[in-house]
Amino acid sequence: MSLVRRAAPEDGAELLRLRQVMIDALPGSDPGTDWHAESLPTLRERLASDEDFGAFVVDHPERPGALAALVVGTVDYRIGKAGNPHGKAGFVFSVATDPDARRRGYARACMEELLQWFRERGAGQVLLTASPDAEPLYASLGFTRKPDPMMGLML
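Let us look at the structure shown here. Given the structure is predicted, the values throughout are model-derived calculations rather than measurements. (Residues numbered from 1 in each chain as written. Predicted model: local features only at pLDDT ≥ 70, side-chain atom pairs only at ≥ 80, totals over all residues. Heavy atoms only, no water.)

## A word on the pairing of strand β5 (residues 125–128)
- With four bridges connecting them, strand β4 (residues 88–97) and β5 associate as parallel partners. Its bridge partner lying in β5, A89 is registered against Q125.
- Between the parallel pair β4 and β5, the chain is carried across by helix α3 (residues 106–120), and the sense of this crossover is right-handed. (Pairing = 2+ DSSP bridges. Helix = DSSP H or I, 4+ residues; strand = E, 2+ residues; numbered from the N terminus. Right-handed = clockwise from strand over helix to strand, strands pointing away.)

See the structure below:
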């Protein structure tokens, strides 16, 4: 039996807590959590109804009601190309493990479930942004570094 399960709407607050753990680990990140209350209803709605939004979690073994790890991704459509003619792409945008639950294989187990979920939805590729600490995990799952000049704009 797998430790990993699909996240449910009632996991929303814990998903936000772990996402904040990930955000706090990024250089120059904003440690503010005021946005959690505004984000929670939308997150719960997505967890309940969005077929292209996948969140997989492991329950914390020592803290009932808490999560030990999460991965979250979406399936997006982009115009096809060689190697992905149907244009479906998975994008992993949150991977986090509670600091006291690390080095137990939870992130790997969650990633493997998410990758299977992407395959089942016909994604021809999966993209993510890797921190230096997480790169060995992703490389062991078959990801390769790309010279992508991704830029961003906050609207």
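## Brief notes about helix α2 (residues 35–49)
- Compared with the 21 Å implied by 1.5 Å per residue over 15 residues, the 22 Å span of α2 between its first and last C-alpha is a close match.
- The largest bend along α2 measures about 30° and falls at P41.
- Turning to α2, its buried residues are H36, L40, L43 and L47.
- Along its buried surface, α2 packs onto α1 (12–24) and β2 (53–59). (Expected span 1.5 Å × (residues − 1). Bend = angle between axes of the 7 residues up to and from the residue. Buried < 20%, exposed > 50% of the residue type's maximum accessible area, 1.4 Å probe, protein only. Contact = heavy atoms within 4.5 Å.)

## Regarding α1
- In a regular helix each residue adds 1.5 Å, so 13 residues correspond to 18 Å; α1 covers 18 Å between its end C-alpha atoms and thus fits that length.
- Within α1, the full set of buried residues consists of G12, E14, L15, L16, L18, Q20, V21, M22 and I23.
- Elements in contact with the buried residues of α1: α2, β2, β3 (67–77) and β4.

## Here's the deal with the packing of aromatic side chains
- For the structure on display, the rule yields four aromatic pairs.
- Here the aromatic rings of F53 and F93 are separated by 6.2 Å at their centres, their planes lie at 40°, and the arrangement is tilted. Remark: F93 occurs in strand β4 and F53 occurs in strand β2; sequence separation between them is 40 residues.
- A relative accessible area of 10% means that F53 is categorised as buried.
- Ring centres 6.3 Å apart and planes at 65° place the aromatic pair F56 and W117 in the edge-to-face group. Of the two residues, F56 sits in strand β2 while W117 sits in helix α3, which places them 61 residues apart along the sequence. Here F56 matches W117 in class, with each residue buried.
- Ring pairs connect the aromatic residues F56, W117 and F118, which therefore count as one cluster. (Phe/Tyr/Trp six-rings, centres within 6.5 Å; stacked < 30°, edge-to-face > 60°.)

## What to know about the pairing of β3
- Counting buried positions over the 11 residues of β3 gives nine, a clear majority of the element.
- Alignment of β2 against β3, held across seven bridges, turns out to be antiparallel. Note on β3: the bridge partner recorded for G54 is G73.
- Looking at chain direction, β3 and β4 are connected through nine bridges and run antiparallel.

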